[in-house]
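An overview of the molecular structure
Residue strings, one per chain:
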Amino acid sequence: MRRGLLLTWGVVLWMTLAPRAAMAAADYESTVAPILKKNCVPCHSTANAQGKLALDSLEAIQRGGVSGPSLVPGKSSESGIYQRLVVEDRTLRMPFGGKALAPELIAVIRDWVDGQDAAAPAPEAIPTTIDFHRDVEPILKSNCYGCHSGGKAQSQLRLDAGKAALRGGLGGKVINPGDAKGSRLIHRVKGMGGEQRMPLRKAPLDDRQIAILERWIDAGAVWPGADQAADDEELELHWSYKAPHRPKTPTVQKADWARNDIDRFILARLEKEGLSPSQRASTEMLIRRLSLDLTGLPPTPAEVGAFLKDDSEQAYEKLVDRLLASPHYGERWARPWLDWARYADSNGFEKDLPREMWKYRDWVIEALNQNMTFDQFTIEQLAGDMLPKPAQSQLIATGFNRNTMHNEEGGVDPAEAHHDVLVDRVNTTATLWLGSTLACAQCHNHKFDPFTQKEYYQFYAFFNNPTYDVIHVGDSSTRFVEKSIDLPTDAQEASRKHLQEQITDLQKVTSTETDALRDARRVWEKEQKQAFDRWKRVQPEKLESLGGSTMTAQPDRSVLVSGANEHGDTYIVEGPAPQGDFNAVLLEALPDESLPRGGPGRDLYGNFVLTELSVEWNPTGKADGWKPLRWTYAVSDNGNIAGFYQRPPEDPSKAMKRPDSRGEEQLWTVDASREDKRVARRLVIPLDAKVANVSNARLRFTFLFASPFGKQGIGRFRLGVSQEEDPHFITQVRSQVRHNLDLAESARTEEQQKEIRSTFLSNTPLLKDERQALRKLRDEMSDLGIATAKVMQDEGSFAQLSAPMRVRGSFLSPGETVYANVPKVFPPLPEDAIPNRLGLAKWLVSKQNPLTSRVMVNRMWETYFGKGIVETSEDFGSQGALPSHAELLDWLAVEFMDSGWNLKHMHKLIVMSATYQQDSKVEPQVLENDPYNRLLARGPRFRMEAEMIRDVALAASGLLSSKIGGPSVYPYQPEGIWDVPYSSVKWEQSEGEDQFRRGIYTFVRRSSAYPSMATFDAPSREVCTIRRVSTNTPLQALNGLNDPAFFDAARALAARVIREGGSAPRQRADYAFRLLTSRSAPQGYLDEITAWYEREIARLKREGQTAKQIHGAPVALHAEASKASSPELAAWTLVANVLLNMDEAITKE
Amino acid sequence: MKKDLGKGSSMQDRARNEALRAMTRRHFFGQTAQFGLGTAALAALGNPELFASTAASHGPHHKPKAKSIIFLFMAGAPSQLDMFDHKPMLNQYDGQPVPEEVTKGERFAFIKGTPRLLGSPHTFQRYGQSGAELSNLVPHTARIADDIAIVKSLWTTQFNHAPAQIFMNSGHQIPGRPSMGSWLQYGLGSENADLPGFVVLLSGKNQPDGGKSCWGSGFLPTVYQGVEFRREGDPVLFLSDPEGIDRERRRRTLDLLKNLNEQHLAEAGDPEIATRINSYELAYRMQSSVPELTDISGEPDNIREMYGVTPGKPSFANNCLLARRMVERGVRFVQLYHRGWDTHGSSNNEDIVNKLSWLCRETDRAAAALVQDLKQRGLLDSTIVVWGGEFGRTPMNEARGGSKFLGRDHHPRAFTMWMAGGGIKPGVTVGKTDDIGYNIVEDPYSVHDLHATLMHLMGIDHKRLTYKFQGREFRLTDVHGELIHKIMA
C-alpha cells in the first residue's frame, strides 16, 4: 500500500508540476537553457559536439547535428531534442547511459518545442559585418524612434542620435559596446529581466533583427558621427522639474482694470486672444462667492446688508480680512486637505472597523485657523514626532501618515499588508506635495517621467522604519499595529487613575479565596453533587420521528437515534411524568459511539442544532388533555443558546428580539467537532410556573431540528424534571469538569482545583455585590471616552534607512537593497538633512524644490476657479496638462515661498484680484471661444462640493450648528447603509445640534459612504484623491428633493421664512431666495413663486391632512412658526424644497 | 429665452444654443452626462444625433453578440471541487498529507503546516447531452447543463476576498479602478433613458467583502458607477417623495423648479443649468420606472414558482427575477451578489457539508431558472449570464486551529465559472485541472481573459476602450487579456 501510494504520488506530482511549466511562457533563456546546460551541454557544446550536435545556443539547436535538425518548431513528436528524452530504448535515450530526466523537466522541453511557431520561416542570413546605416539604423528607426527620439524621448532615452543613445536614459546606459549580453537594449527587445518587452504594445523584433543588434553591439556599437555630436542632444528638462523664477509682470493695454499682478498675467493672455474681461460681479454675488470660498458658508442677510451699505474704498478688503479671520475658514480649507490626506474614520477594506482619527482632523482645522506656515504645516504632519521634544499637537499632526487604510481581513499576510501601508504613504506624499505619479514606478521604471523603480524604493525607504506591535488574533491571524496615544483631559486622567485603583482592589477580592469562602465552597461542592442527583429522568415510552429516524430507548432512560436523517426532522417523545411537583425541565445530550465521531449530534461532525422544543403535560391521560408548559428562557452548561432564549435581563425592553423567520432560530447549538468537546451537555429550562403534578400524568416533548443546514438532530438524549429553587444551579459547572467534583480535594491536580475554585468564586452569591461593583467600574472606565490619536513613531536606529526593491512591484520578490533618497531629477537633500522623514519633509518645503509651491498654489487656484492653472492638479509630469498661464503659476509659486509659505497671504492675493471679482455670467462669445473658462474672461461658476451643499442648506434654514471640532457625528442616514460584513457597528443617529453639524464632521466610513456625500462626488477617502470630478446626475436630484435631511432643511427654512420674512407671500419668497442666493429675487422669479404658492396653498386647504404630513411635527425650531396655519407651513415647505434645489442655490457663481 | 432651447429667435439666442450644443458634445463624458448616454436629456437640447456621434468614439468596436450581462457573483468563493470539478483521487487519498513539493513556497490565507487532502462529501454525476459533470448540490444547474459553458480553469492572482473581488470586477486588486460595469457603461451607454445602465443587487448576508469598490467607477465619472438597488425600503435611495407629496404635487414642484432654473439659464447663460434641468426630469421619470421595474406582483405564479420567489421576501431568487426584468428594459449590466460562500470549515456553519448545501439550496434553482426564463423569452441570445466567485478553494482541508469541520481554504490557482447566452457556446466544458484539482493542466484562463471575452461579446475591443488618468491610458484588462475562444460560439 505504502509503495503504491508513493507511486501514485509520483503521478500526482507530475500532474501538479507539469502545468506550472505549461502556464509559464516557455522561455528558452530562463527555462529551457538551464535544463540543457545541466543535462546535455556536457556532451553537446559547441566545443565538444557529440554527433556534431551542440545544444548550448538556440542557433546551434536549430542547426542540429548528424541526425538532422534537433528542433522542429511546434512539433515535439518530430523533434530529436524531445524524442531522445522519452524513447524507451535505453541505448537511444538521453542523457546517454544516465538516468532519465525528471518528467517535469521533460514536460518543459516538450511544451517549449510545441510552443515554437511552426510557421516561422527560416531565418534570413545575418551579415557578418554590420554596417550601422545599412543594418542597424533602419531597425531603430522603424521600431524605436516613435518614443525615443528628439524632445519627446521617453525615459529621456534617445535612439536617434548617437551621443545621446550611447549615453543612455534615466535608467542608465542601454548599450554597452562590446557586450550585447550585458546591454539593456537587448534585454528589453527580448523582454528579459522582468520588464516589459520593447517596443511597447507593438510586434516584437524578429530574431534576425535582434541578432543584428547583438552583433553590432558585440562589435563595439560603432555609431558614425556620435563622437562629434553637438551638445544640443542634451534633453530639455520637463518644465515642472526646473525651479520657478519670478517672471516679469507683463504690460497690458487695459492697465486700469488690473488690481494686482495676477490680473496683469490674466489680462495679457486675454488681450492676446482678443478677449476682454467681464465686469465686476454684483455686490451680492461677491459677498456670497467670498463667503463660500473663504468659510464654506453663505453670508447671513445681515452680513449682506452691512456689506451693501458699506461704500468705503476698503469695504471689500475689510470683508476679506473678516472672513479670513473667521474660525470657519479653517473648516472650509481643511475640507480639500482631508481629501488629499485621505482622512477617514474607519480602517477600510473588508471589515472597515471604525477608528479614532478626529484629533488629526481638528489639528488641520486649527493649524489653518492659526495660519501656520505651509512649511511648518508640512513638517509637523510628515515628521512632527521627529522634532526635538515634540508637543502633543505635533504628534497628533503625524496622524497624516496614519490615515492609510489598514486591512484586518483574517487571511492577510501581515507583512504584505504593512508593505501596502508604506506604498500608500509613498504614493500619497509624492502626489500631494510633488504632483508626481511616482506610484507608476512601483513595478517598473516610470514610462514617461524621470523616475526609476529604484528611486521609488529609495523614496519608500524614508517610511520603512515605523514601530509596530505584532498582535495575534484568534489562532491563525497576525496583524501589525502602529502606535496610538491617549489624550485624556486632566479630569479624565484623574478619574482613570481613581477607577483603576478601585478595579485592582476589587479584582483581588473577587479572585481570592478567604477561609470563609473556602468553607462556603466546600458546601457548594456538596450541593452541586446533590442537586444533580435530584433530577428525575423521564422514561421514554412512545417515540416517533416525523423524518423517519429510528429511535430506541436505552436502559439509562436515554434515547438513541439512528437510521434516516432528514432535513427538518421532528422528534416526539412521550412518557410518564415522574412523581412529585416540578418547575424545570432538563435535557441532556449524550455522546455515543454509534454516532458520527462519537456524537452527541447526528451531523457529519457529531454536532446538533435544536431549533425548537415544546413541553406538554397531560394530567388526565386523555387524548385531549395535553397542556403546554410555558417557558421563556433556557440555560446550558455549554454550547450556544440563541440570544432571545437567554435569561431575560432586568430590563425586558433590552431582551433580544426573536427573529421573524423560522429556521434562523437556533435554540441550542452544540459543537462536538473536537474530541475534548465530545461530552455530555445539559440544558435547563425553568418553567414559567410550577407544575402541581398528579399521579399518572404524562409528559410529551417535541423537538424540531430545522436549522438552515439540516440533518442536525440530537443523536442521544435524556429528559428529566425537578423541583428546584435555583434550577440552573447545576449549569454553573461545565460538563467537562463536573467529574472533578467527585475527587477528594487532595486528589485534585492544581489545575483541577483552580478550575473549581474560580467556578465557585464567579458564581457565589457571597461575592455578588463585589462582582456587580466591578462591572460597574469597568463600564465607567470605558464611558470616560478618553480620546486617542494615531501617531507616527520610528524605530530608534542609527542604521541608514533602506528597503528592498520589489521585482515587478511584487511583494513576494524582494530585490536589491536601496537607501533612502530623493529622485535624481530633483535637487538633492539639503546638506544638513538626515535622510529620514524629517529630512524628507524639510526637502519638500525647501525653496530649491521646484514642485511643492507650484503644486500648492495651483490647488488653491483650482478651488477658487474650478480648474487649476495646470488642469491635472494631481500630475505635473510629462503626461499632465500644460499650464494655461505658466508665468502666472511661477509668479504665484515664488510669491508663496517669498511670503514665508503664508497661506492666508495667498488667499488674500487671489481674492483681491480683479480676475476673481469678475461677474460669472457666461456670455455667448466667451462660451464660444473658451467654453471651459480657462482664460478667465469671466468669474468662476460651478456646482458646490458635497459638504458645501449640505452646509448651505442647513445654514439657510437656520439649523446649522456652529460648533467646531470634536468626534465625528452621525446625522440622519437611511437604514441599511452600514451593511458591512463581520461588523456589527451601527449608525446611531446623533442627538441635538450634532444632527446639524457641518459636512466635514460627518463620520466617514470608507466602504459605506454617507449617501449625499457620495452622490455629490465626495471621494471614498480610501486613497489620496486630489481632484473631485463634478457630475450632474438624477441621483443628485433625488437626493436634493427627497433625502429627509434635505427635506428637514426645507421644513426649517419654511418656518424661518414665516418667522423672519415678513407677512406678505412676496416678501417671504424674497427672503427665502435671499437666504439661499444672497440676492433679492428678480420680479420674474417672485411672480412665479408667489403665484405657485397661492395655487398650492389653496389646494392644501382643500386637502385637509396632507399639509400636516408635509410640514411634519412642529419641532422646537418651528415653535415660533406654529402660529402659522398648517397649509401655510406646508406650502412654504414645498417652496423651500424647490428653492433649495435651484441650480443657483447649489452653485457658486 | 424659455423652454424651447432649440428654436431661439434672436441672433443671440441662436448663437448661445449653438455654443451650448458644442459644449455639451465636448463635455459629454466629463461632467454633464446623465446615466450613461441620457438620450432623452439630449433630445431636449434639440440635437438627437448626439447619441450616435458620441457613442461612436468609444464603442461598439464591432458587431456585438450580446447587449446585456447578468453577473451572478458568488461572493466568498464557492468550492469548485464540491460542485463542478470532480476529483475521485481526492476521495481516494482523503486525509493523506499533501506532498510538501506541491505546497512548498505557497502562501495560504489560513492553512498552517502540512495540510491534508479532503475528498468531497458530495456525489457527482454526468448530465445532458454534453455530459457535464456536476454534483448533487446543483440539481437545477444540471437541468441546464446543455445551455451553459463551464470553465474549470480560471485563475487569479489574489487570495483574499476583498482584493480578489475587486480584481474580478476591475482588473486590479486595489480599490480605485473602474469596474467592468462602469467600463461597459462608459463604452456603450444605456439602452434605457429612464433607468441606470448598471445595477447591483445584493442577497445573502451583508455586502461583499470588497465593498462598494466592487461596482465603483474608479477614476471614471461617478455617473458610471453601479447603482445599488436596496433590499428594503426604496430600491434606489431617496426615490420616494416625502410624505404628503404625491405624483402630481411632485410634478408641480418640478415645474416651478424648472421655471426658475430656466429663468436663471437666461440670466447666467451656463449650459450646465440646462443639464441640471434635465437631470431633475430624468429623476422624475425614474420615480415611476424604478418602482414599475421592481414590482413583481404582475409576474405569473408559474414564473415565481420557477425561480422560487417568496413574495415580499428579499432573496437571491427575487433578484434573479428582477435581473430578467432589467435586461428586458435595456439595463446594460446587472450584478447580483450572493454572499457567504467562504466555507473554511472553521465552524459548523461555514463548512462544505452544511453551509455549502444551504447556499446551493438558496441559489441553484433561481440561477437555472434565470437561464431558462431568458431562453424561453428569446432573451438569452442577447444576454450573457455569468456565474462564479472571486477564486477557488483548496483540495486540502483547512483545519484552521485544528478545526474538525470540513472546509477548504482560498485557492487562486484554479476555479470554475459557468456562462450562458449571447455568443457563448452552449454545452461545453473547457479547461482541466490536475488529479487533485490543485493546478490547471489545460487551457489556463486569467481574470483578464474573462474580461476581454465578455467585453468582446458586448462589441468592445478591450484594448481600445481606454481612459486617460494620471498620465496613463487605463483599460479594464490593464496590459493583459486574451479571448477565451473555446467558449465562444
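Use the structure listed above.
Notes on the structure in this doc start here. Please read all numbers here as calculations on a predicted model, not as lab measurements.

How each quantity is defined
Residues numbered from 1 in each chain as written. Chains lettered and ligands numbered in written order. Predicted model: local features only at pLDDT ≥ 70, side-chain atom pairs only at ≥ 80, totals over all residues. Heavy atoms only, no water. Helix = DSSP H or I, 4+ residues; strand = E, 2+ residues; numbered from the N terminus. Buried < 20%, exposed > 50% of the residue type's maximum accessible area, 1.4 Å probe, protein only. Contact = heavy atoms within 4.5 Å. Areas by Shrake-Rupley, 256 points an atom, 1.4 Å probe, with all protein chains shown as cover. Polar contact = N/O pair within 3.5 Å; in protein donor to acceptor, adjacent residues only side chain to side chain. Pairing = 2+ DSSP bridges. Salt bridge = Lys/Arg side-chain N within 4 Å of Asp/Glu carboxyl O. Axes fitted to C-alpha atoms, helices over the stretch in contact; angles between N-to-C directions. Parallel < 35°, antiparallel > 145°, perpendicular 65-115°, else oblique. Left-handed = near helix turned anticlockwise from the far one by under 90°. Nonpolar A, V, L, I, M, F, W, Y, C, P; charged D, E, K, R; others polar. Buried area = accessible area lost by both parts, 1.4 Å probe. Disulfide = S-S within 2.5 Å. Core = buried A, V, L, I, M, F, W, Y, C linked by side-chain atoms within 4.5 Å. Expected span 1.5 Å × (residues − 1). Phe/Tyr/Trp six-rings, centres within 6.5 Å; stacked < 30°, edge-to-face > 60°. Lys NZ or Arg CZ within 6 Å of the ring centre and 35° of its normal.

1. Quick word on the overall build of chain B
What chain B contains, in helices and strands, is 15 helices and 18 strands. Expressed as a percentage of the 489 residues in chain B, the buried residues total 67%. A fraction of 77% describes how many contacts in chain B between residues 6 or more apart in sequence connect residues 24 or more apart. Of the accessible surface of chain B, which amounts to about 15,900 Å², a share of 48% is contributed by carbon and sulfur atoms.

2. A closer look at the side chain of His148(A)
All names here are of chain A. Within the secondary structure layout, His-148 lies in the loop between helix H6 (132–143) and helix H7 (162–167). Within the structure, His-148 has its side chain in polar contact with the backbone oxygen of Leu-157 (distance 3.0 Å). Those residues in contact with His-148, other than ones at most four positions away along the chain, are Ala-153, Gln-154, Leu-157, Arg-158, Leu-159 and Asp-160.

3. Focus: the pairing of strand S3 (residues 124–127) of chain B
All names here are of chain B. Two elements, S3 and strand S4 (residues 132–135), share 4 bridges in a ladder whose sense is antiparallel. In the strand pairing of S4, Tyr-127 is matched with Ala-132. Where S3 hands over to S4, the hairpin turn is made up of 4 residues, of which Gly-128 adopts a positive phi near 70 degrees.

4. Notes on the sheet that holds strand S14 (residues 640–641) of chain A
Residues and elements named next belong to chain A. Read from one edge to the other, the open sheet built from 3 strands follows the order S10-S15-S14, with strand pairing classed as antiparallel. Unpaired on one side and paired on the other, strand S10 (608–610) and S14 mark the two borders of the sheet. Bridge count for S10 against strand S15 (residues 668–670) is 3 bridges, and the pairing is antiparallel. The residue bridging Phe-608 from the neighbouring strand is Val-670, located in S15.

5. Details of the pattern of salt bridges
For side chains of opposite charge, pairing can occur when their charged atoms come near one another. For the structure on display, the rule yields 95 salt bridges over all chains. Among the salt bridges present, the one from Lys375(B) reaches Asp147(B), with a minimum N-O distance of 2.6 Å. In this pair, Lys375(B) is assigned in helix H14 (residues 354–376) and Asp147(B) in the loop between helix H7 (139–143) and strand S5 (148–155), connecting sequence segments 228 residues apart. For Asp147(B), a relative accessible area of 16% translates into the label buried. Here Arg324(B) and Asp373(B) are joined by a salt bridge, their closest N and O atoms 2.9 Å apart. Here Arg324(B) is found in helix H13 (residues 316–328), whereas its partner Asp373(B) is found in helix H14, with 49 residues between them in sequence. Summarising the burial analysis for this pair, Arg324(B) and Asp373(B) share the class buried. Each of the salt bridges in this network shares a partner with another, and the network as a whole consists of Arg537(A), Asp556(A), Glu588(A), Asp592(A), Asp637(A), Arg682(A), Arg716(A) and Arg718(A).

6. Considering the packing of helix H11 (residues 283–295) of chain A against helix H13 (residues 315–325) of chain A
Angle between the axes and distance between the axes are the two parameters that describe a pair of packed helices. All names here are of chain A. In the contact formed by H11 and H13, the axes pass within 9 Å of each other and the chain directions differ by 25 degrees. Judged by the inter-axis angle, H11 sits roughly parallel to H13. The two elements H11 and H13 cross, and the hand of that crossing is right-handed. Two secondary-structure elements touch here, H11 through Leu-286, Ile-287, Leu-290, Ser-291, Leu-294 and Thr-295 and H13 through Tyr-316, Leu-319, Val-320, Leu-323 and Leu-324. Counted by class, the contact of H11 with H13 contains 9 nonpolar, 2 polar and no charged residues.

7. Details of the sheet that holds strand S10 (residues 392–397) of chain B
Through backbone hydrogen bonds, the strands of a sheet pair up, either in parallel or in antiparallel fashion. All names here are of chain B. Taken together, the 3 strands give an open sheet; going across it, the order is S2-S10-S11, and neighbouring strands pair in antiparallel fashion. Every other strand in the sheet has two partners, leaving strand S2 (116–117) and strand S11 (408–411) as the edge strands with one partner each. Here S10 pairs with S11 via 3 bridges, running antiparallel. The partner of Gly-392 across the bridge, within S11, is His-411.

8. Points about the interface of chain B and chain A
The partner chain A presents 109 residues to the 114 residues of chain B that form the contact. Both sides together, the interface formed by chain B and chain A hides about 9,800 Å², and carbon and sulfur atoms give 58% of it. At the boundary of chain B and chain A, one finds 6 salt bridges. Of the charged contacts in the structure, one is a salt bridge between Glu1103(A) and Arg249(B), with a shortest N-O distance of 2.9 Å. Put simply, the parts of the chain that give the side of chain B that touches chain A at least two residues each are helix H1 (11–27), helix H6 (100–103), helix H8 (161–170), helix H10 (247–268), helix H11 (271–294), H14 and strand S15 (440–442) of chain B. Top contributing element to the side of chain B that touches chain A by residue count: H10(B), with 14 residues. The class makeup of the residues in the side of chain B that touches chain A is 49 nonpolar, 33 polar and 32 charged.

9. So, unusual backbone geometry
One can expect most non-glycine residues to show negative phi and most peptide bonds to be in trans. Residue and element names in this part refer to chain A. In this structure, Pro-199 follows Met-198 across a cis peptide bond, with omega equal to -10 degrees. Examined against the element boundaries, Pro-199 turns out to sit in the loop between helix H8 (184–190) and helix H9 (207–218). A cis amide bond, omega 10 degrees, links Gly-599 with the succeeding residue Pro-600. Structurally, Pro-600 can be placed in the loop between strand S9 (582–589) and S10. Positioned with a positive phi, Asn-371 is a non-glycine residue whose angle comes to about 55 degrees. Along the chain, the position of Asn-371 falls in the loop between helix H15 (358–369) and helix H16 (374–383).

10. Concerning the state of the cysteines
Residue and element names in this part refer to chain B. In this structure the tally under the stated criterion is 0 disulfides over all chains. The thiol of Cys-360 is unpaired, and the distance to the nearest cysteine sulfur, on Cys-320, comes to 14 Å. Since its relative accessible area comes to 2%, Cys-360 is described here as buried.

11. Considering the nonpolar core
Counting residues in hydrophobic clusters, the biggest one holds 130 residues, and the most contacted among them are Leu72(B) and Trp418(B). With sequence-adjacent residues up to four places away left out, Leu72(B) is seen in contact with Phe316(B), Cys320(B), Leu336(B), Ala367(B), Leu370(B), Val385(B), Val386(B), Trp387(B) and Gly388(B). With 118 residues, the next largest nonpolar core counts Tyr329(A), Trp337(A), Leu432(A) and Leu935(A) among its residues.

12. Points about H15(A)
In an α-helix, one full turn covers 3.6 residues, which means residues spaced three or four apart are oriented alike. All names here are of chain A. In this model H15 runs 17 Å from its N-terminal to its C-terminal C-alpha over 12 residues, within 8% of the 16 Å that 1.5 Å per residue would give. Burial runs high along H15: 10 of the 12 residues are buried. Packing partners of the buried residues in H15 comprise helix H14 (327–340), H16, helix H17 (392–397), helix H18 (399–402), strand S19 (787–790) and helix H29 (903–912). Asn-371 sits one or two residues past H15 and shows a positive phi near 55 degrees.

13. Topic: the packing of aromatic side chains
Counting across every chain of the model gives 57 aromatic pairs over all chains. When the ring of Trp333(A) is compared with that of Tyr864(A), the centres are 5.3 Å apart and the planes differ by 45 degrees; the resulting orientation is tilted. Pair noted here: Trp333(A) is in helix H14 and Tyr864(A) is in helix H27 (residues 852–865), with a separation of 531 residues, a long-range link. We classify Trp333(A) as buried; its relative accessible area is 8%. Tyr864(A) gets classed as buried once you look at its relative accessible area, which sits at 0%. Judged by centre distance (6.0 Å) and plane angle (15 degrees), the rings of Tyr571(A) and Phe717(A) are stacked. Separated by 146 residues along the polypeptide, Tyr571(A) in strand S8 (residues 570–576) and Phe717(A) in strand S18 (residues 716–722) bring together distant segments of the chain. Each member of the pair, Tyr571(A) together with Phe717(A), is buried. What links up through ring pairs into an aromatic cluster is the set Trp337(A), Trp340(A), Tyr343(A), Tyr360(A), Trp363(A), Phe374(A), Phe377(A), Phe400(A), Trp433(A), Phe896(A) and Trp901(A). Above the plane of the ring of Trp340(A) lies Arg859(A), whose end atom (NZ or CZ) is 5.1 Å from the centre. One Lys or Arg, Arg251(B), reaches over the ring of Tyr284(B) and ends 4.7 Å from the middle of that ring.

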